[in-house]
Amino acid sequence: MNRIFFFLVFSLCIFAQTGFSQESAQSVFFGNQGGGQQWLTYQDNHRALYRIITNEAFSLLEERAEKVSELQSAEDWKTHQKKIKTALCGSLEKFEKTPLNAQTTGILERENCTVEKVLFESHPGFYVTAGLFLPRKRQNPAPAVIYACGHTELGFRSEIYQHVILNLVEKGFIVLAFDPLGQGERLQYPDSETGKSKVGGSTKEHSFAGVQTLLTGTSLTDYFIWDGIRVLDYLETRPEVDMKRIGMTGRSGGGTQTAQIAACDERIYAAAPECYITSFKRLLQSIGPQDAEQNPYNAIAKGFDHADYLHIRAPKPALMITTTHDFFSIQGARETFAEVQKSYAAFGKPDNIQMVEDFGVHESTKNNRESLYTFFQKHLELPGDPTDRKTTPFSAEELWVTPTGQVGTSFDCETVFNLNRTYFQEKNVSENELPQKVAHIAGIDFKRKLTAAVYTGKFTKKDFGVEKYFLENNWADYALPVYVIQNESESTEKLVVWFHPEGKQNILEEPLLAELIQTGYTVISADLPGNGELFDPDFSGDGVIQGIPFNYTFGANLAGKSIAGIQAEAIDLLMQFAKIKFPGKPAEAIVQEIAASAVLHYAVFKNPFLKITIRNFPEPVEELVRKEYYDPAVAFTAAPGSLNYYDLPDLTEYLQNAGTEIITR
C-alpha cells in the first residue's frame, strides 16, 4: 500500500511540474525523443499569456523611464504632473458632486473621545459608512487624518486599524475612517441570510464589480477615488476640522486608496501610504497585478507608474511606509523613492518626501507607526509624543452605522453595478472606422512573424492522423501549439480551422471532426494563450472568480492589451502557418462558444475565411453589463472598453457586409 501511495504521489508531482493538462503523447512538446522528454527551452511555455502581458508592460515602462530621466527643472516636472494627473484622475469628470445627505446615526462616548457614526452619499443613493473620531482635548479647529482600511471584511472596525486610529485620536487628531466599497457595511453583493458576500471576500467583491466597469471603459479605481473626494467634502462641513491641515494614511488596500486619493485631491496636505507603494515592474515580476481598484484604466499604457502617485503631489509632504519582506516588493519601493526624490528636489523641498523601512512582512510595525505619528505631528503642526500606546478597540457591532450592519439590507440603495450602467456612454463609430477602433480598444498589434513551424511527431486517433507542431515567431516570446488533423490515406483540398475555448485537444472527441475528415477536410487547431498547452495551472491571484483568473485581465488592461486581442494575434500566427503549409486552399472556420471573441477580433482585420460557423455564440458584452451576476468566463474574453464602441454582433455584421458567411448555432 505504501509503495502504491508513493507511486501515485510521485506521478502527480511529475505531472504537476509539466504545467500541461493533456496526455504527454498528445502534447506538441513531448515525444521528440521517442519518450516523455520535454523540449527544455519550452518548459515554461504554458506561461505564455502572462509573458506576453508583462513583456508589453515592461517595454512601456522602459519608455516611461527614459522620458522621466530627462526631467530636470521644476517646469519639466509641472508639465509631467499635469499630463500624468490627467491620466489618473481625468476619468472622474463623468461624476457629479451631488448632495451628501449626511447624517449621524449614533454616537459612542469614551473618556478621551466621542465617535459619530456617519452615513452619507458619494453618489445619489450610494452610501458611504464612516466613523468620525473626535478627541475631547483638541485644537479648534483641529487637524484631521483620513484613515483608509485595507482588505478586511470588517472595514475600519478591524482591531489592527482601530489601533492606529485610536493612537492618532489620543494625540489630538480628528480621524475620519470609512469603509471602502465591497468591505465593512458596504458589500456590493450581500446575502441577506448570511450577511456575507455572494461572490467572496473583499478582493473578489472588488474584482467582480471591477470587470464590469472595465467593459464600459473605466476602472473601479474611479469609484474608490471618488468616495475619498466625497469624504473630504464631508469634512468641509465640519467646523471642528482645519481643512488646511488634512492628512491621509492607510495600509495595504488602504495604502492604495491613500496614494490614489491624495494624488487626485489637493486638499490632502500630508499623505502616508503604507505597505503598498512599489513599482509596476517589480509588482508584475513578483506577485502580479492585484484586484480591480489597484489597476487604473490603461495606466501603464498612459505612461503611469507607482512613482507618479507621489510625483503628482510634489512638493506636498509624503511618507512611504514599507517593510523589508512585504509582498509588495521592497526593491520596487526603494527604486520608486529614489525616483520621487528628483521631483521633490526640483521643487526645492527634498525633505518633504521620506521613506521608512522596518523589518517585517505585510504588516504594521511599532517603529513604522511611530514614524507615521511623527510625520503627521510635524507636517500637520500638532507636536507631541509619538509613542505608540496600547488601545482598547470598540467592538465591530458598536461601530455599525446601519441597522443591519449592511447598507444593502438596511436601505434601498445603489451599487457599483447600477452606477456603472448609469455612467456608461455609448459612442458611435462608423463601419469604416471600426477596424481602427477595434485595434486600439483591444490592443491588437500583428507584429509577430512566423519563423519556424517545428514538427514534433504525430499520433493516431480513430481513423485519422494528428501531426504536432509548435510555431516560433520573431519575438521569441512563446511557441504556439498546433494540430494538423487529416486522413492519412487520401489527399484533401478543403481546410477547416477549428477554435475551441479549452484548447485543441478537446476537438478530438467531437463527432463532427470525424465527419469532416471523412468528407475530405483537413482540420488545423491551435491552443491560444490561456488555454490548452498555453494554460498555466499554477497562476493565481486575488482576482480569480469562479476559476476565471481576472488578474490576467487587469494586467493586460494596464498595458493597453486585452485577452481577446492577445488571442487574435496568436490566430494571425496560426494563419501564417496555414497559408504556407496549405497554399491556395480556401479555409473555413469552426468556432466554439467564447472562442468567438478572439476569432471575430482577428477576422475584422485579416479574414481568410470563406465561412465562419460559431457554435453556441456567446452572449453580447452588453448582457454582461446588464446582469448583476454575469458569466465570468464570457467576460474574460471581452475587450475592456469595447462596449462604448462595438459588441460581438457588430463584428459579425461587419464581416457579413464584407462578404463572409457567418453561421451561428
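Our structure's up above, just so we're on the same page.
Residues numbered from 1 in each chain as written. Predicted model: local features only at pLDDT ≥ 70, side-chain atom pairs only at ≥ 80, totals over all residues. Heavy atoms only, no water.

K.L.:
Which residues make up the pattern of salt bridges, and what values do they have?
P.N.:
Side-chain pairs of opposite charge can arise whenever the charged atoms involved come near each other. Throughout the structure, instances matching the rule amount to 39 salt bridges. We note a salt bridge from R136 to E109, for which the minimum N-O separation is 2.4 Å. Of this pair, R136 sits in the loop between β3 (126-135) and β4 (142-148) while E109 is found in strand β1 (residues 103-109), placing the two residues 27 residues apart along the sequence. By relative accessible area, which is 43% here, R136 ends up partly exposed. Its relative accessible area of 54% is what places E109 among the exposed residues. Across the pair D527 and K504 runs a salt bridge whose closest N-O atoms are separated by 2.5 Å. Of this pair, D527 sits in the loop between β14 (521-526) and β15 (544-545) while K504 sits in the loop between β13 (494-499) and α15 (511-518); the two residues are 23 residues apart in sequence, bridging distant segments of the chain. For K504, a relative accessible area of 0% corresponds to the buried category. The structure contains a network of salt bridges with shared partners spanning K97, R230, D233, E236, D265 and R267. (Salt bridge = Lys/Arg side-chain N within 4 Å of Asp/Glu carboxyl O. Helix = DSSP H or I, 4+ residues; strand = E, 2+ residues; numbered from the N terminus. Buried < 20%, exposed > 50% of the residue type's maximum accessible area, 1.4 Å probe, protein only.)

K.L.:
Can you break down the state of the cysteines residue by residue, with the values?
P.N.:
Enumeration over the complete set of coordinates arrives at one disulfide. Lacking any disulfide linkage, C113 is separated from the closest cysteine sulfur, that of C149, by 18 Å. The thiol of C275 is not disulfide-bonded; the next cysteine sulfur, from C149, is found 14 Å away. Relative accessible area serves as the criterion here: at 2%, C275 is assigned to the buried category. (Disulfide = S-S within 2.5 Å.)

K.L.:
So, the sheet that holds strand β18 (residues 609-615): which residues are in play, and what are the values?
P.N.:
With mixed pairing, eight strands are arranged side by side in an open sheet as β10-β11-β12-β14-β13-β17-β18-β19. Bordering the open sheet on either side are β10 (450-461) and β19 (661-664), each of which pairs with just one other strand. Geometrically, the sheet is characterised by an average inter-axis angle of 20° between neighbouring strands, direction not taken into account. In this sheet, strand β12 (residues 480-486) lies alongside strand β11 (residues 464-473) in antiparallel orientation, the contact comprising seven bridges. Among the inter-strand pairings, E467 is bridged to a residue of β12, identified as V484. (Pairing = 2+ DSSP bridges. Axes fitted to C-alpha atoms, helices over the stretch in contact; angles between N-to-C directions.)

K.L.:
So what's going on with the sheet that holds strand β6 (residues 241-251)? Which residues, and what values?
P.N.:
Across the sheet, nine strands lie side by side as β1-β2-β3-β5-β4-β6-β7-β8-β9; this open sheet has mixed pairing. Lying at the two open borders of the sheet, with one neighbouring strand each, are β1 and β9 (353-358). Averaged over all neighbouring strand pairs, the angle between strand axes comes to 20°, with direction disregarded. Alignment of β4 against β6, held across six bridges, turns out to be parallel.

K.L.:
An account of the packing of helix α3 (residues 74-89) against helix α7 (residues 253-264) is needed here, citing residue identities and associated values.
P.N.:
In the contact formed by α3 and α7, the axes pass within 10 Å of each other and the chain directions differ by 120°. One finds that α3 runs oblique with respect to α7. For the element pair α3 and α7, the recorded crossing hand is left-handed. Contacts from K85, L88 and C89 in α3 reach Q260, A263 and C264 in α7. Partitioning the contact of α3 with α7 into residue classes produces four nonpolar, one polar and one charged. (Parallel < 35°, antiparallel > 145°, perpendicular 65-115°, else oblique. Left-handed = near helix turned anticlockwise from the far one by under 90°. Contact = heavy atoms within 4.5 Å. Nonpolar A, V, L, I, M, F, W, Y, C, P; charged D, E, K, R; others polar.)

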